[in-house]
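These are the residues of each chain, in order.
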Amino acid sequence: MRSEHAPHRGFSVGITTISATPSGLRLLCPRCGQRRLFTGWFAMRAACPHCGLDFKREPGFYLGSISINYGVTALGTGALYALLVFVFGTSHEAALTAW
Ligand SMILES: [Zn+2]
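Residues numbered from 1 in each chain as written. Predicted model: local features only at pLDDT ≥ 70, side-chain atom pairs only at ≥ 80, totals over all residues. Heavy atoms only, no water.

Quick word on the overall build of the protein
Here is the rule: Runs of E in the DSSP output that reach at least two residues are strands. Runs of H or I that reach at least four are helices, and both are numbered from the N terminus. Burial here depends on accessible area, computed with a 1.4 Å probe over protein chains only, as a share of the maximum for the residue type. Under 20% is buried, over 50% is exposed, and the range in between is partly exposed. For this analysis, residues touch if any pair of their heavy atoms sits within 4.5 Å. Areas reported here follow the Shrake-Rupley algorithm with a probe of radius 1.4 Å; residue values treat only the protein chains shown as occluding.
In terms of regular secondary structure, the protein is built from three helices and two strands. Walking the protein from its N terminus toward its C terminus, one meets helices and strands in the order β-β-α-α-α. Expressed as a percentage of its 99 residues, the buried residues of the protein come to 16%. Residue pairs in contact within the protein that sit at least 24 positions apart in sequence constitute 15% of those at least 6 positions apart. In the form shown here, the protein has an accessible surface area of approximately 7,700 Å², with 65% of it arising from carbon and sulfur atoms.

Here is the structure:
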């Protein structure tokens, strides 16, 4: 749902709209910038009361980032473990304890 109240200030990549705007950094609605995203310290609104933008993410929204994060973490940790054991001669127990 696009608001007629204010122009969208983000940018689009494919079908995904990314709102890297100053209003987003100030925790305001990324579409209209009129209302705050949170009602308290940990309570986020379900939708913007001004423009109606739905803040809820669909199931699986974070699955791609979780998969990439897991892969990068596993490769990085394995590489650092191998560096400790095979380059610096650290014992396996000490390397496992460190990681
Ligand atoms: Zn809004």
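Describing the confidence of the model for the protein
The criterion, for reference: Scored between 0 and 100, pLDDT is the confidence that the predictor attaches to each residue.
Mean pLDDT for the protein: 81, with 79% of residues reaching 70 or above. Per-residue pLDDT stays below 50 along residues 1-7; that stretch engages in 10 contacts with residues further than four places along the chain or on separate chains.

Some words on the coordination of the zinc ion
Using the following cut-off: Coordination here is defined by N, O and S atoms within 2.8 Å of the metal (3.2 Å for Na, K and Ca), and since water is not considered, a site can look incomplete. Square planar and octahedral sites, with four and six donors, are those where opposite donors lie more than 155 degrees apart and all other angles lie between 65 and 115, tetrahedral sites have four donors with every angle between 85 and 135 degrees, and the rest are irregular.
The coordination sphere of the zinc ion, as far as protein atoms go, consists of Cys29 (SG), Cys32 (SG), Cys48 (SG) and Cys51 (SG), spread over 2.2 to 2.4 Å. Metal-centred angles of 106 to 114° between the four donor atoms at the zinc ion mark the site as tetrahedral. Written as a sequence motif, the donor arrangement for the zinc ion is C-x2-C-x15-C-x2-C. One end of the pair, Cys29, is in the loop between helix 1 (22-25) and helix 2 (63-87); the other, Cys51, is in the loop between helix 1 and helix 2, with 22 residues separating them in the sequence. Here Cys29 and Cys51 have matching classes, each one buried.

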